[in-house]
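Observations on the three-dimensional arrangement
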4 protein chains.
Amino acid sequence: MVIDGLPSGFSIDQERLSKDMARRRPSQQNYSTKRREPDEIEMLSGYHNDRTTGTPLCAIIRNRDTRSKDYSNLESLMRPGHADYSGHIRYKGFNDIRGGGHFSGRLTAPIVFAGSLAAQILSMSNIFIGSHIDSVFDKHDVRFDDTNITEEHLNNLKDMDVPVNELSCREEFLAIIEEARKKCDSVGGVVETAIIGVPAGVGSPIFDNVESNLASFLFSIPAVKGVEFGEGFSITSLYGSQSNDSLYMENGKVLTRTNNNGGINGGITNGMPLIVRTAVKPTSSIAKKQDTININTLENAKLEVKGRHDSCIVPRVVPVIDSACAITILDMLIGYYGLDRFNGGKGLYG
Amino acid sequence: MVIDGLPSGFSIDQERLSKDMARRRPSQQNYSTKRREPDEIEMLSGYHNDRTTGTPLCAIIRNRDTRSKDYSNLESLMRPGHADYSGHIRYKGFNDIRGGGHFSGRLTAPIVFAGSLAAQILSMSNIFIGSHIDSVFDKHDVRFDDTNITEEHLNNLKDMDVPVNELSCREEFLAIIEEARKKCDSVGGVVETAIIGVPAGVGSPIFDNVESNLASFLFSIPAVKGVEFGEGFSITSLYGSQSNDSLYMENGKVLTRTNNNGGINGGITNGMPLIVRTAVKPTSSIAKKQDTININTLENAKLEVKGRHDSCIVPRVVPVIDSACAITILDMLIGYYGLDRFNGGKGLYG
Amino acid sequence: MVIDGLPSGFSIDQERLSKDMARRRPSQQNYSTKRREPDEIEMLSGYHNDRTTGTPLCAIIRNRDTRSKDYSNLESLMRPGHADYSGHIRYKGFNDIRGGGHFSGRLTAPIVFAGSLAAQILSMSNIFIGSHIDSVFDKHDVRFDDTNITEEHLNNLKDMDVPVNELSCREEFLAIIEEARKKCDSVGGVVETAIIGVPAGVGSPIFDNVESNLASFLFSIPAVKGVEFGEGFSITSLYGSQSNDSLYMENGKVLTRTNNNGGINGGITNGMPLIVRTAVKPTSSIAKKQDTININTLENAKLEVKGRHDSCIVPRVVPVIDSACAITILDMLIGYYGLDRFNGGKGLYG
Amino acid sequence: MVIDGLPSGFSIDQERLSKDMARRRPSQQNYSTKRREPDEIEMLSGYHNDRTTGTPLCAIIRNRDTRSKDYSNLESLMRPGHADYSGHIRYKGFNDIRGGGHFSGRLTAPIVFAGSLAAQILSMSNIFIGSHIDSVFDKHDVRFDDTNITEEHLNNLKDMDVPVNELSCREEFLAIIEEARKKCDSVGGVVETAIIGVPAGVGSPIFDNVESNLASFLFSIPAVKGVEFGEGFSITSLYGSQSNDSLYMENGKVLTRTNNNGGINGGITNGMPLIVRTAVKPTSSIAKKQDTININTLENAKLEVKGRHDSCIVPRVVPVIDSACAITILDMLIGYYGLDRFNGGKGLYG
């Protein structure tokens, strides 16, 4: 990965980085792939004397635990739900399908690396990001209290292997995932993310708005099929008198009584928590036998996907979503307030 | 508006353009604003001898029916659900709130103009786009048959003032809207859009993928709070064995039995219809009295929004959504297949 | 023209704008085209209560004095030195050649409009831009004293119809131009531009550097064939010990004794005046008979270009070059220091 | 380096790549740095089974021969002509000055890697690029015959350590460089580049034109201070009747009798060879004692730059310039003709 546009003079909190990277790695739980992905990060440029230099930061994470034989029959049999067929056409058959190639979930490791840096820089400006798993399959957690979210609560979520607001949900989510695994099947879910501390006035109407920018990055994460802000799709079953968030003054601050718009009006932040939910589809790679085609013979075929796959990737996608949000928000802040303000290891407020 | 990157030699179907523009304008129905918005388009450059020249096409649509007095008290009272407050901070109080300024729904007129041109160019390549209203408030239409959508069906939808798949829905939708109007309130809804004929292999993994690009434009439309592809959020309550779309061959063509991924795998089209749903919140401007603040005195205040507003904008947003999709898809096709292929008024297939 | 990214709250000095626009217009001198180009600017958006709103500023300048008959035989005969042939191929014959279409020098009017605004915003930050005509044909003016250039000197240049450092050059330049006119021919020249007051530290190494950005815009001006910074091409006949600009401290400021690098090291400003020279070729449209081809018959042909053309455009290009520099530098400052710092009609220093 | 947007299915000619990389490396001549820079390229992604996959190609070249002690006193003493001071301000003192950090000439190695690939892809479309050294200090080579340049001639230039059109120039250039070295000084020069085979019709008027794009990349190369096309600055001392390149037909092809515009009219290629000259300043690092400042004490100081530096980098810049041109032209061709046309290892003509 190459990260350009970072402020100079920023010192990486290596412990926090390790923790963020660990959240994305396969867990020891049954449901997760048995691949070992140690995520050794080698920084090649842009970091000197334990500080960012401000020039492009290049880092590499090598993929050490690939078993190419797991992919041996995939050169001809197109996995349903995967990009095997669409990628084959796009690249005229030259794309690398080992471990998914550029379609691999491994591509989210550099996103988490960049996201951890971005989140660390944001926290110097009192901006914090965190997520809980809103649902897995048909089971739902309770949502954030969207007008009142604390840094502490978001930090606690980062310490959970299956981050939830209602603690009892964890066991239920794990039970659903375990059941799917036993069926040689997989399940998906929804992740709800809160971003607190973003000052009002960031973003623009029509193009370069906060929602477009966040959604654009979130849909770049493999398996994401839906993104919504505030009440999202449910806002369509409210009356305007309900969905409008009334403004009021409290201790000299402008607040809203509800937060159905997810902290964004007209594409611009209003100072309330940003709320975004992301739908993650069930893992495409399942052990169950499926119908598909052989791209070489152009005949119908049957496929059983071998290899070591997660029966639910939602817990591992959480840090990727946090990272996508952190990168996008930092990028917008640097765009609006200027790199100069952050250079030398400073935050928004000095 | 200025549209750069158009192919040369393309001749606008003025009748079709007028029809597309008319769909966005206020209807004669009770629920719609009483403003007259005649949408006279003056083309200033880029169009000569009834053909695009290939250089930037500049066109203007003047806003002739503004009543500034409707906005007189809005300089200090921030409308809830609007961008008044966030915009005030963003622009340090200098933004123009007459008719919403750059936040006005009027800004969607140039999108429909550009979208009509894009759709006309796409139809030369046998690519067609159309939408129905999937829901208004708590009432739902039937969805598209997502593996089998015809050009004819999509065209029929464009002839309806309230486009629906199940014809009986029209009256029910209008009744809900009328009820909201009587309550001095407003309602929102969901629009489902289909794009057929896009060849497989368009888009890229991670960045510059079809979903990010479509979502980015759709979230640029005022009032949009959610975007989902294929089964979208509902895909999270399917098993992987259900959500994976099995591939099969039929008459030498590669098809999928279901289309839960909305025609997109790994960010790349797979040749099936693209399916996207867009959540549109209730109109923010309502006649009901609301709590808010006075930005000048920084005190709490009450507000009744005067002026002529839609009690439901969903029918008028439909052509804007169609346009956002047409512009995005044409842009991606020109990017991948090259402008040269379209220059001289040609489609993908010559 | 549409200008996005302007700071809010900025009030246009209409007198200065008029003066800038007038400098680009044909002069009353013999050498200049007899077309009347009154440059009436109509602002359609982004400007309200005599202040920029911060949202896109759209303005139009109509081309009122075109004589299409002057272009009647140009549809088939390709003017040498013009973009007639290259444009014909690029746009498959659909480009508009009336008055040059998108290749017309008229396209520089919006650049001067935008440039005047940019220069006005820059002057609030004590950054000033001005140019003299360094040469016409074989006659040379004296160059700027490149370590010591005052705002006053740059302003004086803007008051001259033929801006020169050595006043006697004006008559000599005009004599050369008049002689070319009498021969039904044309001449070009070089413009030297100084930008003073840019703080050190703006720009980036490799990509997004000051020289690339300025050159990119300058080469966008029709007829420009060369761009050089500081000593430019002549620096290649110095020794390194001469071309290196020695640094020294004076009154707590870092300065250089010479300015052979034109105020830019490694793509980044060093606080000294930026010096750039731009080569402008002789006007392509000349009354003399020329050899060319007929694009329709694909036969060799003779052409006499009718119409009203400048025998030297260098004086009129000066404000366009100033504008290209102003837009580029303002864009880089906003990028590095952030829009927020300029919003509300402020300069870099408050 | 990460190269995105490459066509799929392209096989790298490793021998040609090695040769291109070798041209940039220090020569065995006296004038060149004694650093060993072996340029071992490790490809991490985007290349599989000896073909580009079409997804981002990531490669690294490690900098193995740095002697940090050579840079020990440079942390406080700012080298004149270098970016030490401007970079110090830009990055608030956090930039890495070891070997120049991101300002190092080593950064041109990845440009040559990418440029070699681009040139190889272009040659499949019969587009060829080559350069000779037009001048060193005050000695000039003969220029290209700009209407008649062969692939063979350009290839021959690549086989010379000091590429020249007039063979006797080589010894004279080397003598000048050796004399500078003995004086503990350095010299610069001009490189003239030809690009043949680019079809007419590539580029756009005003923005995204061929000259802006080439100049933008060329000015990204460290030490470049001037760029000109065709006759460049000298075109300003021609009459329009001379500078206009007359068109004529020959064997069904459209040609020009002269090529003063360097193959570009109105920012668009006209099918003639593209001619660009690039001014390269004398190496900033010289052994001679120079005046400068100490950035820590903010006092005047004396500096002798130790280390192993070229007394003339012009020969080594030649392949970097070729590469900048190859990357820019390929990028513009892919933009105009589309990636699809090149995917699967094809050229413009199949």
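Numbers given for residues are sequential positions, taken from 1 along each chain in its written order. Whichever chain is written first becomes A and whichever ligand is written first becomes 1, with later ones labelled in order. In keeping with the model being predicted, local features are shown solely for residues with a pLDDT of at least 70 and side-chain atom pairs are shown and tallied solely at 80 or more, while totals for entire chains, interfaces and linings include all residues. Excluding hydrogens and water, the side-chain figures rest on all heavy atoms present in the structure.

**Digging into the overall build of chain A**
Scanning chain A for helices and strands turns up eight helices and 16 strands. Over its C-alpha atoms chain A spans a radius of gyration of 21 Å, differing by no more than 12% from the 20 Å that the globule rule assigns to 350 residues. Once the C-alpha set of chain A is aligned to its principal axes, its extents read approximately 70 × 55 × 40 Å. We call two residues in contact when some of their heavy atoms are within 4.5 Å. Considering only intrachain contacts with a sequence separation of at least 6, the fraction spanning at least 24 residues in chain A is 73%. Residue exposure ignores everything except the shown protein chains as possible cover, and the areas themselves are Shrake-Rupley values with a 1.4 Å probe. Here chain A displays about 12300 Å² of accessible surface, and carbon together with sulfur accounts for 46% of that area. Distance between charge centroids for chain A: 6 Å, based on 38 positive and 43 negative side chains. Helix numbering and strand numbering both begin at the N terminus, where a helix is a DSSP run of H or I of at least 4 residues and a strand a DSSP run of E of at least 2. The globule rule used for comparison is 2.2 Å times the number of residues to the exponent 0.38, while the radius of gyration itself is calculated over C-alpha atoms. Positive charges come from Lys and Arg, negative ones from Asp and Glu, while His and the chain ends are left out of the count. Where a charge lies is defined by one atom per residue type: Lys uses NZ, Arg uses CZ, Asp uses CG and Glu uses CD.

**Let's talk about the interface of chain D and chain C**
The parts lose accessible area when they come together, and the size of an interface is often stated as this lost area. Of the residues lining the interface, 89 residues belong to chain D; the matching set on chain C comes to 88 residues. Accessible area that two parts lose when put together, with a 1.4 Å probe and added across both, is what the buried area reports. A per-residue breakdown of the area chain D buries against chain C is headed by D:K225, D:F233 and D:Y239, which together make up 11% of the total. Between D:E211 and C:K225 there is a salt bridge; the shortest N-O distance is 2.8 Å. In protein, a polar contact requires one atom able to donate a hydrogen and another able to accept it; more generally it is a pair of N or O atoms within 3.5 Å, and residues adjacent in sequence count only if both atoms are side-chain atoms. Scanning the region where chain D abuts chain C turns up 43 residue pairs in polar contact (both at pLDDT 80 or more). Considering each element in turn, the side of chain D that touches chain C owes the most residues, six residues, to strand 9 (residues 224–229) of chain D. When grouped by side-chain class, the residues that make up the side of chain D that touches chain C number 40 nonpolar, 36 polar and 13 charged. One ladder, built from three bridges, connects strand 9 (residues 224–229) of chain C with strand 9 of chain D; its direction is antiparallel. If you follow C:G226 over to strand 9 of chain D, its bridge partner there is D:E228. Take a side-chain nitrogen of Lys or Arg and a carboxyl oxygen of Asp or Glu: if they are within 4 Å of each other, that pair is a salt bridge. Throughout this entry, Asp, Glu, Lys and Arg are counted as charged residues, while Ala, Val, Leu, Ile, Met, Phe, Trp, Tyr, Cys and Pro are counted as nonpolar. The remaining residues, Gly among them, count as polar. In this scheme, strands are said to pair when DSSP sees at least two bridges between them.

**As for the relation of the copies chain D and chain C**
These two copies of the chain differ by a rotation about an axis and a displacement along the same axis. When the copies are superposed, the least-squares fit draws on C-alpha atoms of residues that have pLDDT of at least 70 in both. Under the fitted operation, chain D is carried onto chain C by 0.0 Å of movement along the axis and a turn of 180°, and the coordinates agree to an RMSD of 0.0 Å. Such a turn and shift between the copies fits a two-fold axis. Both copies share a contact surface, since 99% of the interface residues of chain D are interface residues in chain C too.

**Details of the interface of chain D and chain A**
Facing 26 residues of chain D, the contacting portion of chain A comprises 26 residues. Here chain D and chain A share an interface that buries about 2300 Å² over both sides, 60% of which is from carbon and sulfur atoms. A per-residue breakdown of the area chain D buries against chain A is headed by D:H48, D:K92 and D:F94, which together make up 24% of the total. Taken together, chain D and chain A are joined by four salt bridges. D:K92 serves as the salt-bridge partner of A:D340, at 2.8 Å between the closest nitrogen and oxygen. The tally of links from chain D across to chain A stands at eight residue pairs in polar contact (both at pLDDT 80 or more). Mapped onto the side of chain D that touches chain A, the elements with two or more residues apiece are strand 2 (41–45), strand 4 (51–52) and helix 9 (339–342) of chain D. A breakdown of the residues in the side of chain D that touches chain A according to their chemical character gives seven nonpolar, eleven polar and eight charged.

**Remarks on the packing of aromatic side chains**
Pairing of aromatic side chains here covers Phe, Tyr and the six-membered ring of Trp, requires ring centres within 6.5 Å, and sorts the geometry by plane angle: under 30 degrees stacked, over 60 edge-to-face, intermediate tilted. All told, the structure shown has 22 aromatic pairs over all chains when counted by the stated rule. Each ring, one from B:Y336 and one from B:Y337, has its centre 5.0 Å from the other, and the planes form 75°; the classification is edge-to-face. For B:Y336, a relative accessible area of 7% gives the class buried. Charge-over-ring placement is defined geometrically: NZ (Lys) or CZ (Arg) within 6 Å of the ring centre, and within 35 degrees of the ring normal. Just above the ring of A:Y248 sits the side chain of A:R257; from NZ or CZ to the centre is 3.9 Å. Each residue is placed in one exposure class: buried if its accessible area under a 1.4 Å probe, protein chains only, is under 20% of its type's maximum, exposed if it is over 50%, and partly exposed if it falls in between.

**Comments concerning the relation of the copies chain D and chain A**
It takes a turn of 180° to lay chain D on chain A, together with a shift of 0.0 Å along the axis; the resulting RMSD is 0.0 Å. A share of 100% of interface residues in chain D that are also interface residues in chain A marks the association as one of identical surfaces.

**Focus on unusual backbone geometry**
All names here are of chain A. Non-glycine residue N49 carries a positive phi angle of around 50°. Within the secondary structure layout, N49 lies in the loop between strand 3 (47–48) and strand 4 (51–52). If you check the backbone angles, C184 has positive phi at about 60° while not being a glycine. Topologically, C184 is positioned in the loop between helix 5 (169–182) and strand 8 (189–196).

**Concerning the sheet that holds strand 2 (residues 41–45) of chain C**
Residue and element names in this part refer to chain C. Spatially, the three strands line up as an open sheet ordered 1-5-2, and their pairing is antiparallel. The sheet is open, and its two borders are formed by strand 1 (2–3) and strand 2, each paired with just one other strand. When strand 1 meets strand 5 (residues 57–61), the two strands line up antiparallel, connected through two bridges. Paired with I3 across the strands is L57, a residue of strand 5. Note on geometry: axes are lines fitted to C-alpha atoms, helical ones only across the stretch in contact, with angles between N-to-C directions running from 0 to 180 degrees. Contacts from helix 3 (residues 108–123) reach strand 1, strand 2 and strand 5 within the one sheet, and its direction differs from that of strand 5 by about 135°.

**Some thoughts on the pattern of salt bridges**
In total, this model carries 76 salt bridges over all chains according to the counting rule given. Each of A:D20, A:R23 and A:D322 takes part in one network of salt bridges that share partners.

**Quick notes on the packing of helix 1 (residues 14–24) of chain D against helix 3 (residues 108–123) of chain D**
Residues and elements named next belong to chain D. Relative orientation of the contacting elements helix 1 and helix 3 amounts to 140°, with a least axis distance of 9 Å. When the axis of helix 1 is compared with that of helix 3, the two are oblique. Once helix 1 is placed against helix 3, the crossing between them reads as right-handed. Every residue of helix 3 that contacts helix 1 at R16, L17, D20, M21 and R24 is listed here: T108, A109, V112, F113, S116, L117, A119, Q120 and S123. Classifying every residue of the contact of helix 1 with helix 3 by side-chain character gives seven nonpolar, four polar and three charged. The cut-offs work like this: below 35 degrees is roughly parallel, past 145 is roughly antiparallel, 65 to 115 is roughly perpendicular, and the gaps in between are oblique. By definition, turning the near helix anticlockwise from the far helix through less than a right angle yields a left-handed crossing, and turning it clockwise yields a right-handed one.

**A short note on the sheet that holds strand 6 (residues 128–136) of chain C**
With antiparallel pairing, ten strands are arranged side by side in an open sheet as 7(C)-6(C)-8(C)-14(C)-9(C)-9(D)-14(D)-8(D)-6(D)-7(D). Of all strands in the sheet, those bounded by a partner on one side alone are strand 7 (139–140) of chain C together with strand 7 (139–140) of chain D.

**Overview of the environment of C:C325**
Residue and element names in this part refer to chain C. With respect to the element layout, C325 can be found in helix 8 (residues 314–337). Given a relative accessible area of 0%, C325 falls into the buried group. In this structure, the C-alpha to C-alpha distance between C325 and L214, residues 111 residues apart in sequence, is 6.3 Å.

**What about the side chain of B:R23?**
Residues and elements named next belong to chain B. In this fold, R23 is placed in helix 1 (residues 14–24). On the accessibility criterion, R23 (16% relative accessible area) is buried. The residues contacting R23, other than those within four sequence positions of it, are K158, P315, R316, V318, P319 and D322.

**Overview of the confidence of the model for chain A**
Here chain A averages 93 in pLDDT, and 93% of its residues register 70 or above. Interface predicted TM-score (ipTM) for the complex: 0.96; the corresponding pTM is 0.97. Confidence scores per residue from the predictor, reported as pLDDT, run from 0 to 100.

**Some thoughts on the pairing of strand 9 of chain C**
Residue and element names in this part refer to chain C. Counting buried positions along strand 9 gives six out of six residues, so the element sits mostly inside the fold. With five bridges connecting them, strand 9 and strand 14 (residues 274–280) associate as antiparallel partners. Its bridge partner lying in strand 14, G226 is registered against A279.

**Some remarks on helix 5 of chain A**
Residue and element names in this part refer to chain A. To estimate how far a helix should reach, multiply one less than its number of residues by 1.5 Å. A rise of 1.5 Å per residue sets the reference length of helix 5, with its 14 residues, at 20 Å; its end C-alpha atoms lie 20 Å apart and thus fit the reference within 8%. As for helix 5, its buried residues are in contact with strand 6 (128–136) and strand 7 (139–140). At the exit of helix 5 stands C184, carrying a positive phi of roughly 60°.

**Comments concerning helix 1 (residues 14–24) of chain C**
Residues and elements named next belong to chain C. The set of residues buried in helix 1 consists of L17, D20, M21, R23 and R24. Buried residues of helix 1, seen end-on, are gathered within an arc of 155° and therefore sit on one face of the element. Considering only its buried residues, helix 1 is in contact with strand 2, strand 5, helix 3, helix 4 (151–158) and helix 8. You can read the cap of helix 1 off the contacts: a side-chain oxygen lies 3.1 Å from the backbone nitrogen of E15, and it is on D13. In this context, the arc is that of the directions from the helix axis out to the C-beta atoms.

**Some thoughts on the environment of A:I3**
Residues and elements named next belong to chain A. Inspection of the secondary structure puts I3 in strand 1 (residues 2–3). For the pair I3 and C58, spaced 55 residues apart in sequence, the C-alpha separation works out to 6.4 Å. Those residues within four positions of I3 in sequence are excluded, and the remaining contacts are P56, L57, F113, A114 and L117.

**A look at the packing of helix 3 of chain D against helix 8 (residues 314–337) of chain D**
All names here are of chain D. Close contact between helix 3 and helix 8 brings their axes to 7 Å; oriented N to C, the two are set at 50°. In terms of orientation, helix 3 and helix 8 fall into the oblique class. Seen from above, helix 3 lies across helix 8 with left-handed handedness. Across the interface between the two elements, T108, I111, V112, A114, G115, S116, A118, A119, I121 and L122 of helix 3 pack against P319, V320, S323, A324, A326, I327, I329, L330 and L333 of helix 8. Here the contact of helix 3 with helix 8 is built from residues that sort into 15 nonpolar, four polar and no charged.

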